[in-house]
Amino acid sequence: MSRLNRWVRPAALALAAAAALSPWAARAQAPAADTLAAVRARGQLVCGVSTGVLGLSLADSQGVWRGLDVDFCRAVAAAVLGDGEKVRFVPTTTQTRFTALQSGEVDVLSRGTTWTFGRDAGIGLAFTGVTLHDGQGFLIRKSLNVSSAKELDGATICLQPGSTSELNITDWARVNNIRFQPVVIENFSEVQNAFFSGRCDVYSSDLSGLAGVRASRGPQAADYALMPETISREPLGPLVRQGDFRWFSIVKWVGNALVAAEELGVTQANADSRRQDANPEVQRLLGTTGEFGKQLGLDNAWAFNAVRAVGNYGEVWKRHYEPLGVARGQNRLARDGGLMWSPPFR
């Protein structure tokens, strides 16, 4: 069997392992321990990330992890332990990510995972919110001379197994009467190499990830183009194990705090001075007044520490996605026409 044939398989097999896992079996595997207590005893947060996606989570040449998903974990570590550097990153694939969280290998999974019904209700895990509103698209070589994904009949398409991308494109192709040959490769770097080496005509994944893949080519990025079609909604967010509501609340409200900080104009640079702000909402967010930290089992400066560690949501976005030329779009604040907003700190 050739190397190519080993990777080519029907898209309908995607997520078979996850689908076969019953809610009861998943919950039986999930530890019942107090995650907050475990993190404090360890003195370190363990965060599951990707094996390397520019913009979301990627280790640089010095081994330092960077990206939106990475900064989210640093914010959680700062809120819980007072230090955004007290976090260890564990690379996971689309096939191993859920098992890593279910088994307790990681405390939180933050690796560009789409919030779906089955994942939220059926495998003993829970999404805590949306950190990136995305959608699935297509990256092609301009030399193909096509202007629409609907011209891709008969194309070979690179995909990752265990991803919503594999299922979405099967649905899309059926609806649009398009035939395609999937080239399914688990490792992120290998699927990129397969595309750039010509083993497949098209690479289909979340648009934010495709933008990073394209940008990684440097001067050769101009040889590739994103198709105009977006074939799905992909709300990406972090997950925790079900059954530990306090930990769920902590991770959820760290995400809310970063968004609220942007809404209120609190930044990494001015967070100190804003603690005495006249705005009561700012005071509650930063822990000057109220007992919000106590209700989570944390110090009242938890949100202040999170913002001081990574900045507000807008700062995180600017740091990781503006360099890639990705428009903020739906990830703007709700007041600016986007979908990002926080419940009130009250």
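The coordinates are above.
### Considering the side chain of Ser232
Then step 1. Looking at where Ser232 falls in the secondary structure, it is placed in the loop between β12 (224–226) and β13 (234–236).
Then step 2. From its side chain, Ser232 meets the backbone nitrogen of Gln136 in a polar contact 3.2 Å long.
Then step 3. With near-sequence residues (within four places) excluded, Ser232 lies in contact with Asp134, Gly135, Gln136 and Asn168.

### Some words on the state of the cysteines
Then step 1. For the coordinates displayed, the defined rule picks out two disulfides.
Then step 2. A sulfur-sulfur distance of 1.9 Å marks the disulfide that ties Cys47 to Cys73. Where Cys47 bonds to Cys73 through sulfur, the torsion about that S-S bond is close to 40°, and the disulfide is right-handed. Taken together, the residues Cys47 in strand β1 (residues 45–49) and Cys73 in helix α5 (residues 68–81) connect sequence positions 26 residues apart. For the pair shown, Cys47 and Cys73 are each scored as buried.
Then step 3. The disulfide that involves Cys158 links it to Cys200, with 1.8 Å between the sulfurs. Here the disulfide of Cys158 and Cys200 is left-handed, its torsion about the S-S bond being about -90°. Of this pair, Cys158 sits in strand β9 (residues 155–159) while Cys200 sits in the loop between α9 (188–196) and β11 (202–206), placing them 42 residues apart in sequence.
Then step 4. The class of Cys158 is buried, set by a relative accessible area of 0%.
Then step 5. Classification of Cys200 by relative accessible area gives buried; the value is 0%.
Then step 6. Across the protein, the way the bonded cysteines pair up, counted in sequence order, is 1-2, 3-4.

### Details of empty space enclosed by the protein
Then step 1. Applying the stated criterion to the full structure yields two cavities of 30 Å³ or more.
Then step 2. Considering only enclosed or pocket space, the largest cavity measures out at about 310 Å³ in volume.
Then step 3. The wall of the largest cavity is formed by 26 residues, among which Arg111, Gly112, Gln160, Ser205 and Asp206 lie closest to the centre.
Then step 4. Put simply, the parts of the chain that give the lining of the largest cavity at least two residues each are α8 (164–175), β11 and α10 (207–215).
Then step 5. At four residues, the largest contribution of residues to the lining of the largest cavity is made by β11.
Then step 6. When grouped by side-chain class, the residues that make up the lining of the largest cavity number six nonpolar, 15 polar and five charged.

### Topic: the pairing of β1
Then step 1. The buried count for β1 comes to five of five residues, which makes it a mostly enclosed element.
Then step 2. Residues of β1 alternate between two faces, with Leu45, Cys47 and Val49 on one and Val46 and Gly48 on the opposite face, all of them buried.
Then step 3. Pairing between β1 and strand β4 (residues 87–91): five bridges, direction parallel. What sits directly across from Val46, in β4, is Arg88.

### As for the layout of surface pockets
Then step 1. Each pocket or cavity is described by its volume, and for the largest pocket that value is around 370 Å³.
Then step 2. In terms of lining, the largest pocket is formed by 21 residues, of which the most central are Gly129, Val130, Gly255, Asn256 and Met340.
Then step 3. Going through the elements one at a time, α5, α11 (245–263) and α16 (313–320) are the ones with two or more residues in the lining of the largest pocket.
Then step 4. The biggest single contributor to the lining of the largest pocket is α11, with six residues.
Then step 5. Looking at side-chain class alone, the lining of the largest pocket contains 13 nonpolar, six polar and two charged residues.
Then step 6. Space inside the second largest pocket adds up to approximately 250 Å³.
Then step 7. His133, Asp134, Gly135, Leu207 and Asn331 are, among the 17 residues lining the second largest pocket, the residues nearest its centre.
Then step 8. Secondary structure elements with two or more residues in the lining of the second largest pocket: β7 (132–134) and α10.
Then step 9. The biggest single contributor to the lining of the second largest pocket is α10, with three residues.
Then step 10. Grouping the constituent residues of the lining of the second largest pocket by class yields six nonpolar, eight polar and three charged.

Calculation notes
Residues numbered from 1 in each chain as written. Predicted model: local features only at pLDDT ≥ 70, side-chain atom pairs only at ≥ 80, totals over all residues. Heavy atoms only, no water. Helix = DSSP H or I, 4+ residues; strand = E, 2+ residues; numbered from the N terminus. Polar contact = N/O pair within 3.5 Å; in protein donor to acceptor, adjacent residues only side chain to side chain. Contact = heavy atoms within 4.5 Å. Disulfide = S-S within 2.5 Å. Buried < 20%, exposed > 50% of the residue type's maximum accessible area, 1.4 Å probe, protein only. 1 Å grid on protein atoms, 1.4 Å probe; cavity = no way out; pocket = protein on both sides within 12 Å on 5 of 7 lines; lining within 4 Å. Points joined across faces, edges and corners; volume = space filled by probe spheres on them. Nonpolar A, V, L, I, M, F, W, Y, C, P; charged D, E, K, R; others polar. Pairing = 2+ DSSP bridges.

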